[in-house]
Amino acid sequence: MNWQLIDNNEMERIHVREMHRDFPPGELKGVDVMERLRADGCYWPYACYDEAGRLLAYAFLCGLPGEPNVLLDYYAVLPAVRCRGLGAELLARLRGVCAGRWQGILIEAEDPAEAPDEGLAIRRLGFYTRAGARMLKWESRVFGVHYRLFCLPCAEKDAPAAEDDALVGSLARLYHEMVPGPLYGPNVAFWRADAQRPAFG
């Protein structure tokens, strides 16, 4: 039960069979975008299988070459094996996979106040907090979805934690790469949680 880096064919299979169920359309990238980012050295799709080769979970990571942190673009455990504590165990194993390559995993979790399912959004915040992720003092809105931001450290236990501003700067640079220039300004924004939220049309 270990994470494996998968090829584009398996990534597309998971995109078609699993991701359309697990994520709302507004949050789901096209597989062509994922493949382009991967060709640019910015995307790492992982999947976890059991001993019989059955898919248990998938985690797609996105980041810029040279950046010390990587974004958890998508993470889901398959419905058949949910509610067994597997999500936390596999996230911890993914953290181990990332250690040595990245200092931290950046996480976006939908803000409960605006989520379609407030209870589910609250549980997700609790899940990431219990997994050891630290909530940043920044929030974001990406194509209409309001996120709370976290960082799950992967570096050595005693390594100094990155400043929130540096982590969000890393995430903003990544979005500049993923989102074409004219679309970035109207659709991607970051602000400090203690500041007035920006207005959106």
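Predicted, not measured: the structure shown is a model, and the values here were computed from it.

Peer 1: Kindly report on the environment of V16, identifying the contributing residues and their values.
Peer 2: Position of V16 among the secondary structure elements: in helix α1 (residues 8–22). Taking C-alpha positions, V16 is 22 Å from L90, a pair spaced 74 residues apart along the chain.

Peer 1: Account for the environment of R141, with residues named and values stated.
Peer 2: Inspection of the secondary structure puts R141 in strand β6 (residues 134–142). Looking at R141, the relative accessible area reads 13%, which means it is buried. In terms of polar contacts, R141 uses its side chain to reach the side chain of E114, at 3.0 Å.

Peer 1: Pulling in residues and values, what's your account of the packing of aromatic side chains?
Peer 2: Scanning the entire structure with this criterion turns up eight aromatic pairs. When the centroid spacing of 6.3 Å and the interplanar angle of 50 degrees are considered together, the rings of W3 and Y75 count as tilted. Residue W3 is found in strand β1 (residues 3–5), and its partner Y75 is found in strand β4 (residues 69–77); the two are separated by 72 residues along the sequence. The class of W3 is buried, set by a relative accessible area of 10%. Its relative accessible area of 12% is what places Y75 among the buried residues. Taken together through their ring pairs, the aromatic side chains of Y43, Y58 and F60 make up a single cluster.

Peer 1: Describe in detail the sheet that holds β6, supporting the description with residues and values.
Peer 2: The eight strands lie next to each other as β1-β2-β3-β4-β5-β7-β6-β8, forming an open sheet whose pairing is mixed. Because the sheet does not close on itself, it has two edges, and the strands there are β1 and β8 (188–192). The mean inter-strand angle of the sheet, taken between neighbouring strand axes irrespective of direction, is 30 degrees. Bridge count for β1 against strand β2 (residues 43–49) is three bridges, and the pairing is antiparallel. Paired with L5 across the bridge in β2 is Y46. Contacts between α1 and the sheet are confined to β2, β3 (55–62) and β4, with β3 contributing the most and set at about 100 degrees to the helix.

The rules behind the values
- Residues numbered from 1 in each chain as written.
- Predicted model: local features only at pLDDT ≥ 70, side-chain atom pairs only at ≥ 80, totals over all residues.
- Heavy atoms only, no water.
- Helix = DSSP H or I, 4+ residues; strand = E, 2+ residues; numbered from the N terminus.
- Buried < 20%, exposed > 50% of the residue type's maximum accessible area, 1.4 Å probe, protein only.
- Polar contact = N/O pair within 3.5 Å; in protein donor to acceptor, adjacent residues only side chain to side chain.
- Phe/Tyr/Trp six-rings, centres within 6.5 Å; stacked < 30°, edge-to-face > 60°.
- Pairing = 2+ DSSP bridges.
- Axes fitted to C-alpha atoms, helices over the stretch in contact; angles between N-to-C directions.
- Contact = heavy atoms within 4.5 Å.

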